[in-house]
Each structure stands twice: as structure tokens, then as C-alpha cells.
Amino acid sequence: EDQVTQSPEALRLQEGESSSLNCSYTVSGLRGLFWYRQDPGKGPEFLFTLYSAGEEKEKERLKATLTKKESFLHITAPKPEDSATYLCAVRASEGTYKYIFGTGTRLKVLA
Amino acid sequence: EAGVTQFPSHSVIEKGQTVTLRCDPISGHDNLYWYRRVMGKEIKFLLHFVKESKQDESGMPNNRFLAERTGGTYSTLKVQPAELEDSGVYFCASSQDGEGSHGYTFGSGTRLTVV
């Protein structure tokens, strides 16, 4: 069964304290891994798409990487405005465009 | 560019009643998706439209849920009759291409509470 597991569930960082969020996946055939950010009361906001092992994408203080079993979202020198829930999703089977989401990591960055 | 609009933002109904949720996608986006998040669980896929056609409805929980997208523009999701376990946040998303290489644009969701 296709599955996505995110860890940790919650993370508190001091401003400037770099860290990484993990997304482990088990799918029959990966057709894309997606990172989203979600703020309270809002819908998920797209960050990155990764397709193959070794691929990396960067945006401001965020960097996403992908291996054959997991993806990491590295946050460098975070700021309080980076506080949000970060969601990982995969698209697996051919012929469908549905996402399988993880439960997310709630990140809180303290000033 | 206007985003994906969903309404109502909140709805509280009694068990057995009917509720209709509406989603207005970004203009020109042929692909429209419905997802929901039940309390404490992950966001789960419900269905996918391409224009007015249902491409994939494998996530629809049962026949109390009916989704339509007349004319390939806005979409509605009707729950009839509502049950307690239908409570959650219903998200709509749209994209220009199904591959979603640029991701999907999500609405802010409709929080449905069935009492």
C-alpha cells in the first residue's frame, strides 16, 4: 500500500537554528514528490516538485532533496515567518493524478 | 490572478441534512480536485475533474457524496444525507495541467461540522 510518513510531527526552533524535516515514502512507482506549506486557516501552498533521486530544489531558506526512499526539507537560518505546517505528498500510480499526503510537520520558529 | 475560491468557509449542519460546497477554480484551469482532511488525519483525495468529466473518483467515500462540474467551470460537492463522520475540512484545488509540475493551487477550504 502506498504510504507517506513525515517526521517529526512538531518542531520548535530558535530563529537562525537550521534543521531538516523528513518525508519517507513507500510507493509502487513514484511519479512526483511535492512539498507544500500550510498556514492556519489556509489551503496548502505549493513549494517544490521533485521527480528523481538526487534532485534538489531551492527557494529562499528552503531546500528540498530526494532519495529513493525519502525526501528532506532543509530549513537554513529560519525566521518566525517560516512557522507553518509543512506537508509532503506523492503521486504514485500511472493514470491517476491524486496525491497521497503525509500528516505534516508543524514548525514553530521562535524569535 | 484570482485564486481558488471556496464557499462557504464554514458550515454547521445537523445529521441527516444536506450541504453543498462550492469551488471556483482559477480561470482556465481544466483540472479540478477535491480533497478533505478529517480531524487528526492526513489530507485525502476525493476526486479529480478534467473540464466537466470525472477523471478519477476513487476517493469518494460513498454514494452520499455527489460532485459535479457543469460546463467545466465551478464545481459543487453535495453531501446528502450528512453523517457525523463527514465532519472535516474540504479543500478544492486546480491546475492547468494534470501533471502538476508547478503544483496545485488550493483554496482555503470549507470547514464542515455535522452535529
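As a reminder, the structure under discussion sits directly above these lines.
Source: prediction; values computed, not measured. (Residues numbered from 1 in each chain as written. Chains lettered and ligands numbered in written order. Predicted model: local features only at pLDDT ≥ 70, side-chain atom pairs only at ≥ 80, totals over all residues. Heavy atoms only, no water.)

A few words now on the nonpolar core. Membership of the largest hydrophobic core comes to 24 residues, with the highest contact counts inside it found for Leu33, Trp35, Leu73 and Tyr86 of chain A. If you list the elements that add at least two residues to this core, you get β2 (10-14), β3 (19-26), β4 (33-38), β5 (45-50), β7 (62-66), β8 (70-75), β9 (84-90) and β11 (105-110) of chain A. By residue number, the principal contributor to this core is β9 of chain A, which donates 4 residues. Setting aside anything within four residues of it in sequence, one finds Leu33 of chain A in contact with Cys23, Tyr25, Phe48, Thr49, Leu50, Leu66, Ser71, Cys88, Ala89 and Val90 of chain A. Counting residues in each nonpolar core, the second largest holds 21 residues, with Val4, Cys23, Leu77 and Ala82 of chain B among its members. (Core = buried A, V, L, I, M, F, W, Y, C linked by side-chain atoms within 4.5 Å. Buried < 20%, exposed > 50% of the residue type's maximum accessible area, 1.4 Å probe, protein only. Helix = DSSP H or I, 4+ residues; strand = E, 2+ residues; numbered from the N terminus. Contact = heavy atoms within 4.5 Å.)

All names here are of chain A. Following the criterion strictly, the structure yields 8 salt bridges over all chains and no others. Measuring nitrogen to oxygen at the nearest pair gives 3.0 Å for the salt bridge that ties Asp39 to Arg37. Here Lys63 and Glu56 are joined by a salt bridge, their closest N and O atoms 3.4 Å apart. (Salt bridge = Lys/Arg side-chain N within 4 Å of Asp/Glu carboxyl O.)

With the rule as written, the count across this model stands at 14 aromatic pairs over all chains. Between Tyr36 of chain A and Phe106 of chain B, the ring centres sit 5.5 Å apart and the planes meet at 90 degrees, which makes this aromatic pair edge-to-face. Here the residue Tyr36 of chain A occupies a position in strand β4, and Phe106 of chain B occupies one in strand β10 (residues 105-106), the pair thus bridging two chains. The exposure class of Tyr36 of chain A is buried, given its relative accessible area of 0%. Classification of Phe106 of chain B by relative accessible area gives buried; the value is 8%. Members of the aromatic cluster, each reached through a chain of ring pairs, are Phe34, Tyr36, Phe46, Tyr99 and Phe101 of chain A together with Tyr33, Tyr35, Phe45, Phe91, Tyr104 and Phe106 of chain B. Over the face of the ring belonging to Tyr74 of chain B we find Arg22 of chain B, whose NZ or CZ atom lies 3.8 Å from the ring centre. (Phe/Tyr/Trp six-rings, centres within 6.5 Å; stacked < 30°, edge-to-face > 60°. Lys NZ or Arg CZ within 6 Å of the ring centre and 35° of its normal.)

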